[in-house]
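Single-letter residue listing:
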Amino acid sequence: QVQLVESGGGLVQAGGSLRLSCVASGRILSINTMGWHRQAPGKQGDLVAVINSAGIPTYADSVKGRFTISRDNAKNTVVLQMNSLKPEDTAVYYCNAEAQSVSSYGWNDYWGQGTQVTVSS
C-alpha cells in the first residue's frame, strides 16, 4: 500500500501565502502523477494542480499565476506553493498520487487525509 501524508495547511489572511507538502511512503514501485485537489463545504471537489513524473505541471484556471506545484521524485514528495490567496481558496486540500506498489496490481489512485486551508478576508 501507499500512504500519503499532507502538512502545511492553516489560517491566513487574503493576499498571504501557504505551502502544502505531501510525502508518499510505503512499498512503492513507481509514481506517475502527483497532485492536489480541494473541496470547499457544500461544493464538489476540484482539481487544483497536478504534475507528472517528468515535472510538467497542469493548473486549474482559478489558480494559474498564483500557485506553483513541484515534486521531488527521489523523496516521493509534492509541494504546492500558494501565493496571493483569496477567501475562495478556502477548502480542504487533498494530496493525490497515481502509483504502483508491491502489494497491488497495476496503477492505483491514493489519497491523503486532507489538510484545511482557511483564507480570511
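Everything that follows concerns the structure shown earlier in this document.
No experiment lies behind these values; they were computed from the predicted model shown.

A. Examining the pairing of strand β1 (residues 2–7) more closely. A one-sided burial pattern is seen for β1, the buried positions being V2, L4 and E6 and the unburied ones Q3, V5 and S7. Sheet topology note: the β1/strand β3 (residues 18–26) ladder contains six bridges and is antiparallel. Residue pairing across strands places L4 opposite A24, the latter belonging to β3.

B. Representation of the pairing of strand β10 (residues 108–111) in the model. Pairing of strand β9 (residues 91–101) with β10 involves four bridges; the strand directions are antiparallel. Paired with E98 across the bridge in β10 is D109.

C. Quick look at the nonpolar core. W36, L80, M82 and Y93 are the most contacted members of the largest nonpolar core, which has 31 residues in total. When contributions to this core are tallied by element, the ones reaching two or more residues are β1, β3, β4 (28–39), β5 (46–51), β7 (67–72), β8 (77–82), β9 and β11 (115–120). The element contributing the most residues to this core is β9, with five residues.

D. Inspection of the sheet that holds β3 at higher detail. Ordered by their spatial adjacency, four strands build an open sheet running β1-β3-β8-β7, and the pairing between neighbours is antiparallel. With one partner strand each, in any of the chains shown, β1 and β7 form the two edges of the open sheet. Taking each pair of neighbouring strands and ignoring which way they run, the sheet shows an average axis angle of 15 degrees.

E. The state of the cysteines, seen in detail. A full pass over the atoms with the stated rule returns one disulfide. The disulfide partner of C22 is C95, and the gap between their sulfur atoms is 2.0 Å. In this structure the cystine formed by C22 and C95 twists about its S-S bond by roughly -85 degrees; its chirality is therefore left-handed. Taken as a pair, C22 in strand β3 and C95 in strand β9 lie far apart in primary sequence, 73 residues in all. Judged by relative accessible area, which is 0%, C22 ranks as buried. Owing to a relative accessible area of 0%, C95 belongs among the buried residues under this scheme.

F. Here's a closer look at unusual backbone geometry. A positive phi is found at N76, a non-glycine position, where the angle reads about 50 degrees. Here N76 shows up in the loop between β7 and β8.

Rules of the game
- Residues numbered from 1 in each chain as written.
- Predicted model: local features only at pLDDT ≥ 70, side-chain atom pairs only at ≥ 80, totals over all residues.
- Heavy atoms only, no water.
- Buried < 20%, exposed > 50% of the residue type's maximum accessible area, 1.4 Å probe, protein only.
- Helix = DSSP H or I, 4+ residues; strand = E, 2+ residues; numbered from the N terminus.
- Pairing = 2+ DSSP bridges.
- Core = buried A, V, L, I, M, F, W, Y, C linked by side-chain atoms within 4.5 Å.
- Axes fitted to C-alpha atoms, helices over the stretch in contact; angles between N-to-C directions.
- Disulfide = S-S within 2.5 Å.

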